[in-house]
Amino acid sequence: MVQRTERVRVVRSKSMFLSSYGTIIALFIVFVAFSLLSPGVFPTLRNLLNITRQISLLAIIATGATIIMTVGEFDLSIGAMASFGGVLATGLVVSGMAIPLAILLTLFFAFLFGLGNGYLVTRFGVFSFIATLSSGTMLSGLTFWYTGGATIFGGIPEPFLWLGQGMLGPLPVPTLLMFLVVALFWFLLSYTEFGRRLYAIGGNPVAAELSGVRVARDKTFAFGYTALLAASAGVILASRLGSAHPTAGGSLFLPSYAAVFLGMTTVRGGFPNAWGTFLGSLMIGIIANGLTILNVPFYLQDIVTGAIVIMAVVFQSLGKIAL
C-alpha cells in the first residue's frame, strides 16, 4: 500500500512537472538540436531576428486566441478575419483612402464583427464553435466577393508596406508590433479588473455571474478583441507580402491555437496567458525555420504542427490528472 502511494506520488509529480515546464524544456531541446544540425546558419543573430519576424503575425493572432480561450470559448473565424482584414485594408489604400483611415476602418469593422459573434454566443446561447464557424464562412464569402477571388497586388503605396517590411534600427517593425501587442494584452489580462473578470468567467461562469461579473458583456468584448487582433495580423501580413490574397490568413488558424495550448504549459500553468502564447509561437517558429534550413519538405511542417497540438493537449491532460 505504501509503495503504491509512493508510486502515485511520483507519477503525479512528473505529470505536474511536464505540465508546468514541458514547453520550455522542448523549446530548449529544439533550439540546441537545430543549432547542432546547422551551426553556421541557425543560431546566428540574423536568423534569430528573422525568426522573430516570421512569428510576429502568428503571435499577434494567437494573442487574440488567448483572450477568447481565457473565457472558455473558441473563435473559429480568426483565419477568415485575418484574410478579410488584409484584403479590406489593402483594397481601401489602393482605392486612394489615407492609410491610417483605411487601417482604422478595417479594425473597427473587425471589432464589430467580433462583437456580433459574442452577441450570438451570449444572447442566444449558440455554441461558439458553431457561431464562429458559420460567421467565418460568411466572411470568407464576403472576402471573395470583395476581391473577385483575385489577389490585390498593384498600386499599393510604399508607406503601407512599411508595417510589414520596415525596420526601426536593427529590429523589423513586425517584431516590435508583436512585442507591443503581447505586452499590452499581458498587462490587460494580468493587471486589470477586466482581465481578472475574464479569468473568473473562464474558471466558472456561474460563480462569476453570482459574484457580480457581467459575463455576457465581458465575453462579447473578448470576441471583439480576438477579431481585432486577427484583422491586425491580416493587415501586417498584406503589408509584408506586398499583396492581399483572399485566403492568406487561413494558414494562421491552427498554429495560433497550437501556440495557445503550448503556452498554457508555461508562465501560468494550465491557463491561457500572453507570454506563454508568445513562447508557444516561438516554438512553432523555430521548428518551421529549422526544418526550412534543413530543406525538409514543407508538408512535414503541417504534420509537426498537428503533432505539437496533440502533445500540448496531452500535457494539459496529464497536469489535470495530477491535480
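Residues numbered from 1 in each chain as written. Predicted model: local features only at pLDDT ≥ 70, side-chain atom pairs only at ≥ 80, totals over all residues. Heavy atoms only, no water.

As annotated in an unreviewed UniProt entry, the chain carries the name ABC transporter permease and is attributed to Thermatribacter velox. Word for word, the UniProt comment on the chain under Subcellular location (unreviewed entry) is "Cell membrane". (UniProt positions renumbered as here; feature names shortened; annotations may be inferred.)

Chemist: It is not clear to me how the overall build of the chain should be interpreted in this structure. Could you clarify?
Modeler: Along the backbone of the chain there are 13 helices and two strands. By residue count, 49% of the 323 residues in the chain fall in the buried class. For the chain, long-range pairs separated by at least 24 residues make up 78% of all intrachain contacts whose partners lie at least 6 apart in sequence. (Helix = DSSP H or I, 4+ residues; strand = E, 2+ residues; numbered from the N terminus. Buried < 20%, exposed > 50% of the residue type's maximum accessible area, 1.4 Å probe, protein only. Contact = heavy atoms within 4.5 Å.)

Chemist: Can you walk me through helix H7 (residues 173–191) in this structure?
Modeler: An α-helix turns once every 3.6 residues. As a result, residues three or four positions apart point the same way. Between the first and last C-alpha of H7 there are 26 Å, a value that for 19 residues agrees with the 27 Å anticipated at 1.5 Å per step. For H7, the complete set of buried residues consists of Val173, Pro174, Thr175, Met178, Val181, Val182, Phe185, Leu188 and Leu189. (Expected span 1.5 Å × (residues − 1).)

Chemist: Is there a simple way to think about the side chain of threonine 70 in this case?
Modeler: Along the chain, threonine 70 turns up in helix H2 (residues 45–70). If sequence neighbours within four positions are ignored, threonine 70 has contacts with Leu189, Leu198, Tyr199, Gly202 and Pro272.

Chemist: Explanation requested: the side chain of threonine 226 in the structure shown.
Modeler: The residue threonine 226 is located in helix H10 (residues 215–241) in this model. Relative accessible area serves as the criterion here: at 1%, threonine 226 is assigned to the buried category. Once you skip the residues sitting within four places of it in the chain, threonine 226 turns out to touch Gly64, Ala65, Ile67, Ile68, Asp75 and Ile78.

Chemist: What is the right way to look at the packing of aromatic side chains in this model?
Modeler: Each pair of aromatic rings is reported with the distance of its centres and the angle of its planes. In the structure shown here, the tally under the stated rule is 16 aromatic pairs. With 5.1 Å between their ring centres and 40 degrees between their planes, phenylalanine 84 and phenylalanine 109 make a pair best called tilted. With phenylalanine 84 in helix H3 (residues 78–94) and phenylalanine 109 in helix H4 (residues 99–124), this pair connects stretches of sequence that are 25 residues apart. Residue phenylalanine 109 is classed as partly exposed on the basis of its relative accessible area, which comes to 30%. When the ring of tyrosine 199 is compared with that of phenylalanine 271, the centres are 6.4 Å apart and the planes differ by 85 degrees; the resulting orientation is edge-to-face. (Phe/Tyr/Trp six-rings, centres within 6.5 Å; stacked < 30°, edge-to-face > 60°.)

Chemist: What is the right way to look at the packing of H4 against helix H5 (residues 128–147) in this model?
Modeler: Relative placement of two packed helices is described by the angle separating their axes and the distance separating the axes. Put simply, H4 and H5 touch, their axes get as near as 9 Å, and they point 145 degrees apart. The element H4 and its partner H5 pack so that their crossing is right-handed. Every residue of H5 that contacts H4 at Phe109, Phe113, Asn117, Leu120 and Val121 is listed here: Ser128, Ala131, Thr132, Ser135, Gly136, Leu139 and Leu142. Of the residues assigned to the contact of H4 with H5, the class counts are seven nonpolar, five polar and no charged. (Axes fitted to C-alpha atoms, helices over the stretch in contact; angles between N-to-C directions. Left-handed = near helix turned anticlockwise from the far one by under 90°. Nonpolar A, V, L, I, M, F, W, Y, C, P; charged D, E, K, R; others polar.)

Chemist: I'm lost on the environment of phenylalanine 31 in this one. Help?
Modeler: As for its placement among the helices and strands, phenylalanine 31 is situated in helix H1 (residues 2–37). C-alpha of phenylalanine 31 to C-alpha of methionine 283: the two residues are 252 residues apart in sequence and 8.7 Å apart in space. Residue contacts for phenylalanine 31: discarding those within four places in its chain leaves Phe42, Leu48 and Ile286.

Chemist: Which parts of the structure should I look at to understand unusual backbone geometry?
Modeler: Negative phi is the rule for most residues except glycine; trans is the rule for most peptide bonds. Phi at asparagine 295 is positive, roughly 60 degrees, even though this residue is not glycine. By the secondary structure assignment, asparagine 295 is in the loop between helix H12 (274–293) and helix H13 (299–322).

Chemist: Hey, could you run me through the packing of helix H8 (residues 193–203) against H10 in this one?
Modeler: One way to put it is that H8 packs onto H10 with a least axis distance of 10 Å and a crossing angle of 105 degrees. Between H8 and H10, the crossing angle belongs to the class labelled roughly perpendicular. Every residue of H10 that contacts H8 at Phe194, Arg197, Leu198 and Ile201 is listed here: Val215, Arg217, Asp218, Lys219, Phe221, Ala222 and Tyr225. Within the contact of H8 with H10, the residues separate by chemical class into seven nonpolar, no polar and four charged. (Parallel < 35°, antiparallel > 145°, perpendicular 65-115°, else oblique.)

Chemist: What's the story with the environment of isoleucine 24 in this structure? I'm lost.
Modeler: As for its placement among the helices and strands, isoleucine 24 is situated in helix H1. Since its relative accessible area comes to 42%, isoleucine 24 is described here as partly exposed.

Chemist: So what exactly am I meant to see when it comes to the pattern of salt bridges here?
Modeler: Working definition: two side chains of opposite charge can pair if their charged atoms are close together. Counted by the stated rule, this structure contains four salt bridges. For the salt bridge of lysine 219 with glutamate 73, the shortest nitrogen-to-oxygen distance reads 2.6 Å. Of this pair, lysine 219 sits in helix H10 while glutamate 73 sits in the loop between H2 and H3; the two residues are 146 residues apart in sequence, bridging distant segments of the chain. Considered together, lysine 219 and glutamate 73 belong to a single accessibility category, that of buried residues. Residue arginine 197 pairs with glutamate 193 through a salt bridge whose shortest N-O separation is 3.3 Å. In this pair, arginine 197 and glutamate 193 are both assigned in helix H8, four residues apart and thus about one turn of the helix distant. Overlapping salt bridges bring together Glu193, Arg197, Arg217 and Asp218 as one network. (Salt bridge = Lys/Arg side-chain N within 4 Å of Asp/Glu carboxyl O.)

Chemist: Honestly, H4 in this entry has me stumped. Any pointers?
Modeler: With 26 residues, H4 ought to run about 38 Å at 1.5 Å a step, and its terminal C-alpha atoms sit 37 Å apart, in line with that. Buried within H4 are the following residues: Ile99, Ala102, Ile103, Thr106, Leu107, Ala110, Phe111, Phe113, Gly114, Asn117, Gly118 and Val121. Elements in contact with the buried residues of H4: H3, H5, helix H6 (158–165) and H10. With its phi angle positive at about 70 degrees, glycine 125 sits one or two positions after the end of H4.

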